[in-house]
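# What the coordinates show
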Amino acid sequence: MGVHAKEQPPRRAEGLVYQCRLPLSSATLDLVSGLVRGHLKKIRWRKLPPGRIALIVLAVLRHDQRLSDMAGGHGISASTVRRWLLEVTGLLAARAPRLDRALKKIARKGGVVVLLDGTLVRTRRRTGDANRPNFSGKHKTHGLLFLALTDEKGNLVWISAAKPGRSSEITIARHNKITIHLREAGLGALADLGFVGLDDDPDDPVIVTGRKATRGHPLTAAQKEANRLVSRERAVNEHGFADLKNWRILTKVRMNARHATTLLRALLVLTNAQIQR
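The following refers to the structure shown. These numbers were taken from a predicted model, which means no experiment stands behind them.

## Examining the overall build of the protein
- Helix and strand content of the protein: 10 helices and 7 strands.
- The principal-axis extent of the C-alpha atoms belonging to the protein is close to 85 × 60 × 40 Å.
- Every one of the 277 residues in the protein was classed for burial, and the buried ones make up 41%.
- Across the protein, the fraction of contacts at a sequence separation of at least 24, relative to all contacts at a separation of at least 6, is 64%.

Written out as structure tokens, the structure reads:
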């Protein structure tokens, strides 16, 4: 009979630090580092250089790293990383364009149309009454709904405040007075069937949508072809949403609507710094 060696217990990998690639441009890192540097001059405290702080925050946003993991790798506390995250996203969100300014900027560049759509960002399910407003019957999941405008190339230009998942896209559009701002800027917008009825001026519409079939009134061949043309022109706005959701912190948001709005607008600024078509 052979003699079996006693198995050694596995060694724990505590204290080891691993590296991962952060697929962001140096311009994005410089943008965040500059904001942090200016902020640190005002509050007059720092535990790490601005570049390191910017790198940690970008890693959390891009890869959704746990705050305790990022903190342990840099010899700081998780509460410090959380504070940096909130402060930096606030600084970035302050640079996000307002709706009227974003539309006027497109008009000055010679643009004539923008693309309007909404999307749901999933959130962690809450307990009790706070859980109900965030449930979307359309998507069958909990989340926050927001609208976004993109230009004709699919670049994000504006993001609305986040609303509970049970809200409707057309209600959010009316709350933000999108049709009024479009008329003031002299622009039009392409939207999906969820925005039918948003424009209250059928003689001079600024919101172009497809046509809905009703009971007993199917769409004609011409109307179906018009719907396909609208869908084809709107397809590029999915690129903007895809760019935004590449930030994995949006995989499942753990914030309330107010902080989620700040986060989304901060990611809009970072996305535009990273990608321009």
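Moving on, there is more to tell.
## Observations regarding empty space enclosed by the protein
- Inspection of every chain in the model, using the stated rule, returns 3 cavities of 30 Å³ or more.
- One number sums up the size of the largest cavity: a volume of about 60 Å³.
- For the largest cavity, the lining is made up of 10 residues, of which Val36, His39, Ile53, Trp84 and Glu87 are closest to its centre.
- Elements supplying a minimum of two residues to the lining of the largest cavity: α1 (26-43) and α4 (78-93).
- The residue inventory of the lining of the largest cavity, partitioned by class, reads 8 nonpolar, 1 polar and 1 charged.

## A word on the environment of Glu87
- Looking at where Glu87 falls in the secondary structure, it is placed in helix α4.
- As a C-alpha pair, Glu87 and Val57 span 30 residues in sequence and 9.9 Å in three-dimensional space.

## Some remarks on the pattern of salt bridges
- Counted according to the given criterion, the structure contains 6 salt bridges.
- The closest approach of N and O atoms between Asp64 and Arg254, which form a salt bridge, is 3.4 Å. With Asp64 in the loop between α2 (50-63) and α3 (67-74) and Arg254 in the loop between α9 (237-245) and α10 (257-274), this pair connects stretches of sequence that are 190 residues apart.
- Note that Arg228 is salt-bridged to Glu225, the shortest N-O span being 2.9 Å. Residue Arg228 and its partner Glu225 are located together in helix α8 (residues 221-234), separated by 3 residues, close to a single helical turn.
- Because the salt bridges share partners, they merge into one network encompassing Asp117, Asp192 and Arg234.

## Things to note about the packing of aromatic side chains
- As enumerated under the stated definition, the model contains 1 aromatic pair in all.
- With a centroid separation of 6.4 Å and an interplanar angle of 70 degrees, the aromatic rings of Phe146 and Phe241 are classed as edge-to-face. Taken together, the positions of Phe146 in strand β3 (residues 141-150) and Phe241 in helix α9 put the pair 95 residues apart, joining distant regions of the chain.
- The ring of Trp247 has Arg62 sitting right over it, with the charged end atom 4.8 Å from the ring centre.

## Topic: the packing of α2 against α3
- Between α2 and α3, whose axes approach to 10 Å, the crossing angle comes to 150 degrees. When the axes of α2 and α3 are compared, the pair comes out roughly antiparallel. When the axes of α2 and α3 are compared, the crossing they make is right-handed. When α2 is examined against α3, the residues Arg52, Ile56, Ala59 and Val60 are found in contact with a partner set consisting of Leu67, Met70 and His74.
- Looking at the contact of α2 with α3 residue by residue, the class counts come to 5 nonpolar, 1 polar and 1 charged.

Calculation notes
Residues numbered from 1 in each chain as written. Predicted model: local features only at pLDDT ≥ 70, side-chain atom pairs only at ≥ 80, totals over all residues. Heavy atoms only, no water. Helix = DSSP H or I, 4+ residues; strand = E, 2+ residues; numbered from the N terminus. Buried < 20%, exposed > 50% of the residue type's maximum accessible area, 1.4 Å probe, protein only. Contact = heavy atoms within 4.5 Å. 1 Å grid on protein atoms, 1.4 Å probe; cavity = no way out; pocket = protein on both sides within 12 Å on 5 of 7 lines; lining within 4 Å. Points joined across faces, edges and corners; volume = space filled by probe spheres on them. Nonpolar A, V, L, I, M, F, W, Y, C, P; charged D, E, K, R; others polar. Salt bridge = Lys/Arg side-chain N within 4 Å of Asp/Glu carboxyl O. Phe/Tyr/Trp six-rings, centres within 6.5 Å; stacked < 30°, edge-to-face > 60°. Lys NZ or Arg CZ within 6 Å of the ring centre and 35° of its normal. Axes fitted to C-alpha atoms, helices over the stretch in contact; angles between N-to-C directions. Parallel < 35°, antiparallel > 145°, perpendicular 65-115°, else oblique. Left-handed = near helix turned anticlockwise from the far one by under 90°.

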